[in-house]
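Take a look at the letters that make up each chain.
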Amino acid sequence: MKVRLALAVGIVVALLAGGGCAAKRPDHVGISGIGMQPPATVRLAPGDVVDVKFFSVAELNESQAIRPDGKIALQLVGDVEAQGKSPAELREELIRLYTPHLKTADVTVVVRSFQSRHVYVGGEVLNPGSYPMPGQLTALEAVMQAGGFTRYAQLKNVVIIRHQDGQRYGASLDFSETSKGTDVPHFYLEPLDVVYVPETRITRVNRWIDQHINQLLPTLGVIYEFPAGEGTVTIDTTRYRAIK
């Protein structure tokens, strides 16, 4: 029994020794600088609904939801790529496509709904989920919509994931100063961005102890404490659990 106890405590000490050092905060990767300014143009995406109206030929009027492949289907011209275009850019494309078919290709594009304008917030927030993005939205505002950070959130490395042009980009943001009332630079989100708040390393250690170490420890009525970063991990063998 003493051997098992020594092994368990040794594992915890080794784990904490490796995890107690502060990790260097990574710089923005891939989308560096992009999120520092509000998006200048609203882009269409699958699920958005657009009305295409012709002033001279009402029979060609259409109301279309952009398909998952990013296209809409229109009379005379067939499939038209809409994803990634602004409403004005889609209008210019339609004028070009319809000019050979109509004497006056006078067309307008009206966006009925932006189904794609939402972001995902997950990890250590009170209410993870999908949240609407009716206008400009920063990463911190999205977290606040999700109820704010939990006590286990790692504020120094909040991760932003963005899918753009078939590629996945990421950035790491530092919100540790927000708890002190200090303003942090705005990082503006785009539709379908993912905001992920990781848990602190001390939380992961405690969870690991709960799942593995406590199964090895006998009930001896002994309490062990180990320093870990800015706090401590306590192994209370009287209760079979780890406490921060």
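A brief structural summary.

Conventions adopted
In this numbering scheme, every chain counts its residues from 1 along its sequence in written order. Given that the model is predicted, a residue must reach a pLDDT of at least 70 before its local features are reported, and side-chain atom pairs must reach 80 or more before they are shown or counted; all residues, however, enter totals for whole chains, interfaces and linings. No hydrogens and no water enter the side-chain calculation; it runs on all heavy atoms of the structure. The rule for a salt bridge is simple: a side-chain nitrogen of Lys or Arg has to be within 4 Å of a carboxyl oxygen of Asp or Glu. The helix and strand labels rest on DSSP assignments: H or I over at least four residues marks a helix, E over at least two residues marks a strand, and numbering proceeds from the N terminus. Working definition: with a 1.4 Å probe on protein chains only, accessible area under 20% of the residue-type maximum means buried, over 50% means exposed, and in between means partly exposed. A pair of strands is treated as paired once DSSP finds two or more bridges between them. Interaxial angles span 0 to 180 degrees and are taken between N-to-C directions of axes, which are lines fitted to C-alpha atoms, for helices over the stretch in contact. In what follows, residue pairs with any heavy atoms lying within 4.5 Å of each other are defined as contacts. A helix is expected to span 1.5 Å multiplied by its residue count minus one. The arc in question is formed by the directions pointing from the helix axis toward the C-beta atoms.

This part covers the pattern of salt bridges. In the structure shown here, the tally under the stated rule is 8 salt bridges. With a closest N to O distance of 2.7 Å, Glu-93 and Arg-96 form a salt bridge. Remark: Arg-96 and Glu-93 occur in helix H2 (residues 87-98); sequence separation between them is 3 residues, near one turn of the helix. A relative accessible area of 21% means that Glu-93 is categorised as partly exposed. A relative accessible area of 51% means that Arg-96 is categorised as exposed. Here Arg-162 makes a salt bridge to Glu-190, at a shortest N to O gap of 3.9 Å. On the criterion of sequence distance, the pair formed by Arg-162 in strand E8 (residues 158-164) and Glu-190 in the loop between strand E9 (167-173) and strand E10 (194-197) is long-range, its members being 28 residues apart. Classification of Arg-162 as buried rests on a relative accessible area of 1%. The network of salt bridges with common partners includes Arg-67, Asp-69 and Asp-79.

This next bit is on the sheet that holds strand E1 (residues 49-54). As summarised here, the arrangement of the 3 strands in space is E2-E1-E5, forming an open sheet in which the pairing is antiparallel. Both edges of this open sheet fall to strand E2 (62-65) and strand E5 (107-113), since each of them pairs with a single strand only. Within the sheet, the average angular offset between the axes of one strand and its neighbour, ignoring direction, is 25°. Summarising the sheet, E1 and E2 pair through 4 bridges and their orientation is antiparallel. Each bridged residue has a counterpart across the sheet, and for Val-50 the counterpart in E2 is Gln-64. Sheet strands touched by H2: E1 and E5. Its angle to E5, the strand with the most contacts, is close to 140°.

For H2, which comprises 12 residues, the first-to-last C-alpha distance of 16 Å matches the rise-based estimate of 16 Å (1.5 Å per residue) to within 8%. Turning to H2, its buried residues number three or more, namely Leu-90, Leu-94 and Tyr-98. Axial view of H2: buried residues confined to an arc of 60°, hence all on one face. Exposed side chains of H2 directed beyond 90 degrees from the buried face belong to Ala-88 and Arg-96. Contacts made by the buried residues of H2 are with E1, strand E3 (71-74), strand E4 (78-81) and E5.

Here we come to the sheet that holds E10. Adjacent strands of a sheet pair through backbone hydrogen bonds, lying either parallel or antiparallel. With respect to topology, 5 strands assemble into an open sheet ordered E7-E6-E10-E8-E9, the strand pairing being mixed. Across the chains shown, the open sheet's two edge strands, defined by having one partner strand only, are strand E7 (129-132) and E9. Ignoring strand direction, the axes of neighbouring strands in this sheet form an average angle of 25°. Examined bridge by bridge, strand E6 (residues 118-123) and E7 share 4 bridges and lie antiparallel to one another. The partner of His-118 across the bridge, within E7, is Pro-132.

Turning to the side chain of Thr-138, a few remarks are in order. By the element assignment, Thr-138 lies in the loop between E7 and helix H3 (139-145). A relative accessible area of 4% means that Thr-138 is categorised as buried. Once residues lying within four places of it in the same chain are set aside, the contact partners of Thr-138 are His-186, Phe-187, Tyr-188 and Leu-189.

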